[in-house]
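Structural overview for review
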Amino acid sequence: MLKSTLLLSSAVCTILAQEDAASIVNDAAAAAKNVDLAAATEAGEMLQTFEPIPTIAIPEQFQAVFETDILMDGKMQNFVVNVTSAFAPMGAEQFYKLMKDEFYNGACFFRVVPDFVIQFGIGADPEMTKKWSVPILDDPVEVSNEEGTIAFATAGPDTRTTQLFVNYADNKALDAQGFAPIGQVVHGLDALRLAYNPTPGKPGGADQQQYEMKGNAWLKPKVPKINQIVRAYISWESAV
């Protein structure tokens, strides 16, 4: 029962549309919290199967490059993120490990809300999503959710796993809800604004439960024009 996986992973959770920003838990995530984990659910199996990814030393600063298939002037565009570990140490470490594991290769931009956020971070391969299903603890919010900042999406306290969103605008109302930016898009924000919106008029984005369970093999035939990350890698890092 896929809904139960929402207890374990922000990879199936979403920050809400700007007009709904007073609540950070979507309906599916809220319903999932009532699931009996003693039952033989997929979430229970995941909880038993996947161990937390070990803590590692990470650089104080690093830069991540995302090559995408978003077109501008006929050319595929990149966006670049500068991460400062001090902004949100646990989030930065999680992101660093995800990048090293090539988690974001192939991930689609499944939620696009104009003038609010663009969201991604469900694995192209469902096995990758399962591998990274164990959540991390929250960081205090040290940097505001201003235009161009990037942060993990959540389903409530201590539920961050893999999903990220980039702020299209100054969304400082998200600060009080616990969304802690880990860095800043320093190149390519204009390109991100051109990403195809898979669900116009429906700010929740594509069906995250189905996407988590079936990956790109399900989503791309459903939304042929959806944009994705072709490759993501760390291009530069400071000393540890």
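Presented here is a report on the structure given in the accompanying data block.

What counts as what
- Residues numbered from 1 in each chain as written.
- Predicted model: local features only at pLDDT ≥ 70, side-chain atom pairs only at ≥ 80, totals over all residues.
- Heavy atoms only, no water.
- Helix = DSSP H or I, 4+ residues; strand = E, 2+ residues; numbered from the N terminus.
- Buried < 20%, exposed > 50% of the residue type's maximum accessible area, 1.4 Å probe, protein only.
- Contact = heavy atoms within 4.5 Å.
- Areas by Shrake-Rupley, 256 points an atom, 1.4 Å probe, with all protein chains shown as cover.
- Core = buried A, V, L, I, M, F, W, Y, C linked by side-chain atoms within 4.5 Å.
- Pairing = 2+ DSSP bridges.
- Axes fitted to C-alpha atoms, helices over the stretch in contact; angles between N-to-C directions.
- Salt bridge = Lys/Arg side-chain N within 4 Å of Asp/Glu carboxyl O.

1. A closer look at the overall build of the protein chain
Check the secondary structure of the protein chain and you find seven helices and eight strands. Taken across its 240 residues, the protein chain has 53% of its residues classed as buried. For the protein chain, contacts bridging at least 24 residues in sequence account for 75% of all contacts bridging at least 6. As presented, the protein chain carries roughly 10400 Å² of accessible surface, and 53% of it is formed by carbon and sulfur atoms.

2. Considerations on the nonpolar core
Phe 66, Phe 95, Tyr 104, Phe 120 and Leu 192 are the most contacted members of the largest nonpolar core, which totals 35 residues. Ranked by residue count, the leading element in this core is helix H3 (residues 89–100), at five residues. If we ignore the near neighbours within four places in the chain, the residues touching Phe 120 are Phe 66, Phe 79, Tyr 104, Cys 108, Phe 109, Phe 110, Ile 150, Thr 162, Gln 163, Leu 164, Val 166 and Ile 229. Grouped together as the second largest cluster of nonpolar side chains are nine residues, Phe 110, Ile 122, Trp 218 and Ile 226 included.

3. Brief notes about the pairing of strand S5 (residues 149–152)
Here S5 shows no split at all, with Thr 149 and Ala 151 on one side and Ile 150 and Phe 152 on the other all buried. Relative to strand S7 (residues 181–187), S5 runs antiparallel, the two sharing three bridges. The partner of Thr 149 across the bridge, within S7, is Gln 184. Note that S5 and strand S6 (residues 164–167) share three bridges and pair antiparallel. Residue Phe 152 lies in a different strand from S6, and its bridge partner there is Leu 164.

4. Description of the sheet that holds strand S3 (residues 111–113)
Spatially, eight strands are ordered S3-S4-S6-S5-S7-S2-S1-S8 in an open sheet, and the strand pairing comes out antiparallel. The sheet is open, and its two edges are formed by S3 and strand S8 (229–237), each paired on a single side. For this sheet, the mean angle separating the axes of adjacent strands, direction not counted, is 25°. Here four bridges tie strand S4 (residues 117–120) to S6, and the two strands are oriented antiparallel to one another. Paired with Val 117 across the strands is Asn 167, a residue of S6.

5. Details of unusual backbone geometry
In this model, Glu 102 sits at a positive phi of 60°, which is unusual for a non-glycine residue. With respect to the helices and strands, the residue Glu 102 is situated in the loop between H3 and S3.

6. Observations concerning the pattern of salt bridges
Proximity of charged atoms lets side chains of opposite charge pair with each other. Within this structure, the stated rule accounts for eight salt bridges. Residue Arg 231 pairs with Glu 67 through a salt bridge whose shortest N-O separation is 3.2 Å. Placement of Arg 231 in strand S8 and of Glu 67 in strand S1 (residues 61–72) is noted, with a sequence separation of 164 residues between them. Relative accessible area serves as the criterion here: at 38%, Arg 231 is assigned to the partly exposed category. Among the residues examined, Glu 67 registers a relative accessible area of 22% and is labelled partly exposed. One continuous salt-bridge network, built from bridges that share partners, spans Asp 138, Asp 139 and Arg 160.

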